[in-house]
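Spelled out from the first residue to the last, the chains are:
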Amino acid sequence: KQEVTQIPAALSVPEGENLVLNCSFTDSAIYNLQWFRQDPGKGLTSLLLIQSSQREQTSGRLNASLDKSSGRSTLYIAASQPGDSATYLCAVRRASGTYKYIFGTGTRLKVLA
Amino acid sequence: DTAVSQTPKYLVTQMGNDKSIKCEQNLGHDTMYWYKQDSKKFLKIMFSYNNKELIINETVPNRFSPKSPDKAHLNLHINSLELGDSAVYFCASSPRGGRWYTDTQYFGPGTRLTVL
């Protein structure tokens, strides 16, 4: 059974810091891994999608890496800004069965001005 | 332009009532989903439809019944509401779904259901 864990559960950093969010999963048989952002009271916005054959994806100040064999992904945020404050969720897509996404528990990030 | 929209945004109701949540996507996607996010912010899939066909049906009480009149709409009807049904329900869509591993999901804003 696939389980997805995110550490830390919450994080506060001063503006301008670089930071890393972690995601680990128990079953390496995945199709892809996706990082989402959720603002309070809002839906999820997809940030980056990494296919199982890829090692990393970049978009602006965001860089996501994937190490499928060890069951880990990281989301690196460079030069953090107050506008980055949100909950970040990772989700893995199963490589069999219904191909559904299994979501992690999220990391609540607060960037202080 | 709203890509994935849900109505209502908030729903407060008494135990035992029946209620519906509606979802529409204007992205031309083939697949739509319902997710439930509990009070601990854990997001779990409930159902998925691909071109009006049910493809994912998780272990959900049969009081929950999805209906997809066409591929742009996926509604969720809940009978005999219970306190434990209180949560935020998210609708999402993806271009293809199923085994298309490059698919990105697009989420609606959520419906916060409170059962009193």
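Scroll up a little and you will see the structure.
### Details of the sheet that holds strand β7 (residues 64-70) of chain B
All names here are of chain B.
- Spatially, four strands are ordered β1-β3-β8-β7 in an open sheet, and the strand pairing comes out antiparallel. Edge positions in the open sheet fall to β1 (4-7) and β7, since each of these has one partner strand only. Taken pair by pair, the neighbouring strands of this sheet meet at an average axis angle of 20°, ignoring direction.
- Here strand β3 (residues 19-25) pairs with strand β8 (residues 73-78) via four bridges, running antiparallel.

### A few points about the pairing of strand β9 (residues 86-94) of chain A
All names here are of chain A.
- Burial of β9 is extensive: eight of the nine residues sit out of reach of the surface.
- In terms of strand pairing, β9 meets strand β10 (residues 101-103) through three bridges, oriented antiparallel. Bridge pairing links A91 to F103 in β10.

### Quick word on unusual backbone geometry
- A cis amide bond, omega 0°, links I7 of chain A with the succeeding residue P8 of chain A.
- With an omega dihedral of -5°, the bond running from T7 of chain B to P8 of chain B counts as a cis peptide bond.
- Among the secondary structure elements, P8 of chain B is positioned in the loop between β1 and β2 (10-13).
- Backbone geometry places K41 of chain B, a non-glycine residue, at a positive phi of 70°.
- Among the secondary structure elements, K41 of chain B is positioned in the loop between β4 (31-37) and β5 (43-50).
- A residue is classified by how much of its surface remains accessible, and K41 of chain B, at 45% relative accessible area, is partly exposed.
- Notably, K52 of chain B is not glycine yet its phi reads approximately 75°, a positive angle.

Criteria and thresholds
- Residues numbered from 1 in each chain as written.
- Chains lettered and ligands numbered in written order.
- Predicted model: local features only at pLDDT ≥ 70, side-chain atom pairs only at ≥ 80, totals over all residues.
- Heavy atoms only, no water.
- Pairing = 2+ DSSP bridges.
- Helix = DSSP H or I, 4+ residues; strand = E, 2+ residues; numbered from the N terminus.
- Axes fitted to C-alpha atoms, helices over the stretch in contact; angles between N-to-C directions.
- Buried < 20%, exposed > 50% of the residue type's maximum accessible area, 1.4 Å probe, protein only.

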